[in-house]
Amino acid sequence: MYGVIKYDVSTVSGSLLNAFVLLINTLFFNVKLIGDPEQVYPKDISEKILKEQETVFDFIIVGGGAAGCAVANQITENGLWKVLLIEAGDYPSPSSEVPGLFTTLIRSGEDWNFLMLKEPRACLGLRESRCRISRGKALGGTSAIGNLMYIGGLPEDYDENGFVQWDGSIFRDIFMHLEDYTGSEQSYYGHGKGGLLHFEDAVYNESAKDMLEVHYIKVGSKRMPKRHSLGMISHFLMTKNGERYNMAKVFLTPIKDRPNLFFSKNTLVESIQISEPVDKRATGVNVSINGIRLSLRARKEVILAAGPINNPKLLLLSGIGERGYLDKLKLPYKAYMPAVGKYLQMHVALPIYVSLNRTCPTCEPEVYNETTLYQDTFEYILQRKGRFTHTGVNNFVNYILTKKTGTTLPNLSVQHMYFRIEDRNLLAWLEAMDYHPKIAGRLLSVNKLNPMMMFLVTLIHPLSRGELNLNETHLLGDPSIKGAIFSDEESSDFDTILSGFNYITNLTTVMDDLAAEFMDIDIPNCRNYKFCSMRYVKCYIENMVFPMGGVGGTTRMGPECDETAVVKENLELRRVRCLRVADSSILRELPRSNTIATDAAIGYRLGEILKEKWMKDYEAKFKVGKEEEEETE
Ligand SMILES: Cc1cc2nc3c(=O)[nH]c(=O)nc-3n(C[C@H](O)[C@H](O)[C@H](O)COP(=O)(O)OP(=O)(O)OC[C@H]3O[C@@H](n4cnc5c(N)ncnc54)[C@H](O)[C@@H]3O)c2cc1C
């Protein structure tokens, strides 16, 4: 079906890339081409907290990602409440601001870089044969290190969660209200204009996109019609003037001077204080700043927006979980909540590398050498134009349905990265992925002579569920994460990815004008299998598949009586008052899309819920106060 190519292994060092990142950082710091963070983001008050000048707030939000920033934006609006947003990381680095440096941020100091337990059927071709989960550790959270693609989920995605307050129509209204898109491309919903969440058309390597479209059409794909969920669709980029437009810029920059908004960076929340024994209620958080531990009080509520890994970790560390488990770890038990950390779900992706011939007519097949790199750098620095204004991932995605599921919803998405000859993006990508050196070396040696296309086939509706527990030898360390990838009973997840593999390898057969070939990358664990035999393909999948950006379900939503749930529909914990969770941790089903828009919408919606509740409370008090005044008069 597809040809076999064998290449020599050669190792290429990452020094060129490192030199480049150093250059960017030096230039940006010294010439101040990227704005001073204190001018862009809210001022940091961690010093004041350390001096104990500010320790009592109305609301404390844990985590400055999409959800946390959206909540902060909402609940500081009426000026009535003192709100503290706590972030474990710093302001985003200069590299974070440059979209084209996206891959260099993965596994950097701005990435929590959680190492998972060994999976029997995934990530076996990565260094240590273990999967990693990236999550941003900086103001803006994962939006400060991620891929910048904007897309909301389908209405059915949210309907599947089964809650009226969180159904597709609610999300559609929030997206429309938040969005600021003035281009002409369409999505399922159409798009909103004039909101805070700016995104734009991503004009990048249009010729590669056109080339892919032509071939996809040959195997039955279509350009996605309006109000449809299958087909090829353009992605948008969350950038402005060539720079990353992370979620802190979206939600905090416009309100950074609100006097009731407080922000503390490099501040790690270690646990939540829960009052007891009768009225279980969150009263504050225990933090550490530069190794100094202290407590902060929340008069009204604590909101967890620390992401789907750190939210359950913090709940367990605060004594919320199963009694036997917490007793074993000598953690003071506060509330029974067996579902904390359970039902972990994640999008997983399979990269399929296809080599193209050198003389591809449409694919800009020039070599990407050191000179090109420096030209691109200066074009970006001087004009904010060119390759560094986008992440290198092609700006369109194909949503496909490869199996009969009884719906017309996609089961896979395919994203694309085109690599020119000697493309520095490939090197950066392979370093980010942390492949076994033999696999990386093989891919780089192919790319010395040939351009390549990477098809990233992603399982967007996984059925498998993993779980997360504390690290028993170091409670504050990375939790113990079992992804249980491809563990669903019917092996349906694996079959779905396999069908995606077949879809793409079939596509390569119609790309004969480009001499497209699925490459034998000489995976050490698969050497005993004949290339392209069924055993080989299974081995390929188990070695190459890895977790993508979408993660959730670890503090999921449910009715009050449901022991498999952690939060109620208003996102408050089932047995602890004044403690809520605000991001895709609460979802029972992840959306079939990238997740930033969903996280931001959940944060925004929780902000509305909080405003409504606490305004009622405020008005009631105000009314009582007024009545008392009138009586005394
Ligand atoms: C590599 C990658 C690429 C991605 N690309 C895209 C994309 O192109 N488009 C898209 O839509 N989605 C993408 N995603 C997913 C998307 O970025 C996330 O869904 C979204 O940003 C998560 O937002 P959040 O608010 O839930 O959490 P996060 O962004 O993870 O924010 C949580 C914040 O809490 C902080 N925190 C955690 N623990 C503590 C603690 N104990 N104390 C204090 N602070 C703490 C963290 O440092 C972090 O800043 C990507 C994800 C990854 C990993």
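The structure under discussion appears in the preceding block.
What comes next concerns the included structure. In this text the structure is predicted, and so the values were computed from the model without any measurement.

This next bit is on the overall build of the protein. Secondary structure summary: the protein contains 18 helices and 27 strands in total. For 633 residues, the compact-globule estimate of 2.2 N^0.38 gives 26 Å, and the C-alpha radius of gyration of the protein, at 25 Å, lies within 12% of that figure. Within the protein, the fraction of its 633 residues that count as buried is 63%. Contacts in the protein between residues at least 24 apart in sequence constitute 74% of all its contacts with a sequence separation of at least 6. Of the accessible surface of the protein, which amounts to about 24,000 Å², a share of 51% is contributed by carbon and sulfur atoms. For the protein, the separation between the mean place of its 72 positive charges and that of its 79 negative charges on side chains is 3 Å.

Looking now at unusual backbone geometry. One non-glycine residue, Asn241, adopts positive backbone phi at about 50°. Locating Asn241 in the fold gives a position in the loop between β11 (239–240) and β12 (243–244). For Asn241, a relative accessible area of 64% puts it in the exposed group. Non-glycine residue Asn290 carries a positive phi angle of around 50°. With respect to the helices and strands, Asn290 occurs in the loop between β15 (281–289) and β16 (292–304).

Turning our attention to the pattern of salt bridges. Per the stated rule, a full pass over the model turns up 31 salt bridges. In this structure, the salt-bridge partner of Glu301 is Arg580, at a minimum N-O distance of 2.7 Å. In this pair, Glu301 is assigned in strand β16 and Arg580 in strand β27 (residues 579–581), connecting sequence segments 279 residues apart. According to the relative accessible area criterion, Glu301 is buried, its value standing at 0%.

Attention shifts here to the site of the ligand. Contacts to the ligand come from 36 residues, most closely from Glu87, Thr142, Met149, Thr595 and Asp599. Within the backbone of Ala66, a nitrogen or oxygen atom sits 3.0 Å from an oxygen atom of the ligand. Interatomic distance of 3.0 Å between a backbone N/O atom of Ala88 and a nitrogen atom of the ligand. When the free accessible area of the ligand is taken as 1,000 Å², the share hidden by the protein chains comes to 96%. Sorting the residues of the shell around the ligand by element identifies α4 (66–75), β14 (267–275), α11 (307–317) and α18 (596–632) as the ones contributing at least two each. No other element matches β14, which puts three residues into the shell around the ligand. Here the shell around the ligand is built from residues that sort into 16 nonpolar, 15 polar and five charged.

What follows deals with a nonpolar patch on the surface. Together, Leu80, Tyr618 and Phe622 make up a nonpolar patch on the protein surface, roughly 280 Å² of accessible area in all. Note on placement: Tyr618 falls in helix α18. Residue classification places Tyr618 among the partly exposed residues on the basis of a relative accessible area of 35%.

For β14, a buried count of seven out of nine residues is recorded, marking the element as mostly surrounded by other parts of the structure. Sheet topology note: the β14/β15 ladder contains eight bridges and is antiparallel. Paired with Ser275 across the bridge in β15 is Arg281.

The next point concerns the packing of aromatic side chains. Enumeration over the complete set of coordinates arrives at 26 aromatic pairs. When the centroid spacing of 5.6 Å and the interplanar angle of 65° are considered together, the rings of Phe57 and Phe262 count as edge-to-face. One end of the pair, Phe57, is in strand β1 (residues 56–62); the other, Phe262, is in strand β13 (residues 261–264), and 205 residues separate them in sequence. Accessibility classification places Phe57 together with Phe262 in one group, the buried group. Note on Tyr353 and Tyr435: the rings are 6.5 Å apart at their centroids and 75° apart in plane angle, and the pair reads as edge-to-face. In this pair, Tyr353 is assigned in strand β19 (residues 345–355) and Tyr435 in the loop between α14 (424–433) and α15 (437–447), connecting sequence segments 82 residues apart. Given a relative accessible area of 1%, Tyr435 falls into the buried group. An aromatic cluster is defined as three or more aromatic residues linked by ring pairs; in this entry it consists of Phe501, Phe518, Phe531, Tyr536 and Tyr540. If you follow Arg121 out to its NZ or CZ, it ends over the ring of Phe494, 4.4 Å from the centre.

Attention now moves to the packing of helix α9 (residues 206–218) against helix α16 (residues 492–510). Packing of α9 against α16 brings their axes to within 9 Å, and their N-to-C directions diverge by 105°. Put simply, α9 runs roughly perpendicular to α16. Of the residues in α16, those in contact with His215, Tyr216 and Lys218 of α9 are Tyr503, Ile504, Leu507 and Val510. Considering only residue class, the contact of α9 with α16 consists of five nonpolar, one polar and one charged.

A few words now on the nonpolar core. Counting 97 residues, the largest nonpolar core has Ile320, Leu573 and Leu579 as its most contacted members. The leading source of residues in this core is α18, at nine residues. Beyond its immediate stretch of four places on either side in the chain, Leu573 contacts Leu315, Ile320, Met337, Val566, Val567, Lys568, Leu579 and Val581. Grouped together as the second largest cluster of nonpolar side chains are 85 residues, Leu412, Leu443, Met453 and Ile504 included.

Note on placement: Ser413 falls in strand β21 (residues 412–419). Ignoring any residue separated from it by four or fewer positions in sequence, one finds Ser413 in contact with Val397, Asn398, Tyr399, Leu456, Val457, Thr458 and Ile460.

Calculation rules
- Residues numbered from 1 in each chain as written.
- Predicted model: local features only at pLDDT ≥ 70, side-chain atom pairs only at ≥ 80, totals over all residues.
- Heavy atoms only, no water.
- Helix = DSSP H or I, 4+ residues; strand = E, 2+ residues; numbered from the N terminus.
- Rg over C-alpha atoms; globule rule 2.2 N^0.38 Å.
- Buried < 20%, exposed > 50% of the residue type's maximum accessible area, 1.4 Å probe, protein only.
- Contact = heavy atoms within 4.5 Å.
- Areas by Shrake-Rupley, 256 points an atom, 1.4 Å probe, with all protein chains shown as cover.
- Lys, Arg positive; Asp, Glu negative; His and termini not counted.
- Charge placed at Lys NZ, Arg CZ, Asp CG, Glu CD.
- Salt bridge = Lys/Arg side-chain N within 4 Å of Asp/Glu carboxyl O.
- Near = heavy atom within 4 Å.
- Polar contact = N/O pair within 3.5 Å; in protein donor to acceptor, adjacent residues only side chain to side chain.
- Nonpolar A, V, L, I, M, F, W, Y, C, P; charged D, E, K, R; others polar.
- Patch = residues over 30% accessible without salt bridge, like charges linked within 9 Å, V, L, I, M, F, W, Y side chains within 5 Å.
- Pairing = 2+ DSSP bridges.
- Phe/Tyr/Trp six-rings, centres within 6.5 Å; stacked < 30°, edge-to-face > 60°.
- Lys NZ or Arg CZ within 6 Å of the ring centre and 35° of its normal.
- Axes fitted to C-alpha atoms, helices over the stretch in contact; angles between N-to-C directions.
- Parallel < 35°, antiparallel > 145°, perpendicular 65-115°, else oblique.
- Core = buried A, V, L, I, M, F, W, Y, C linked by side-chain atoms within 4.5 Å.

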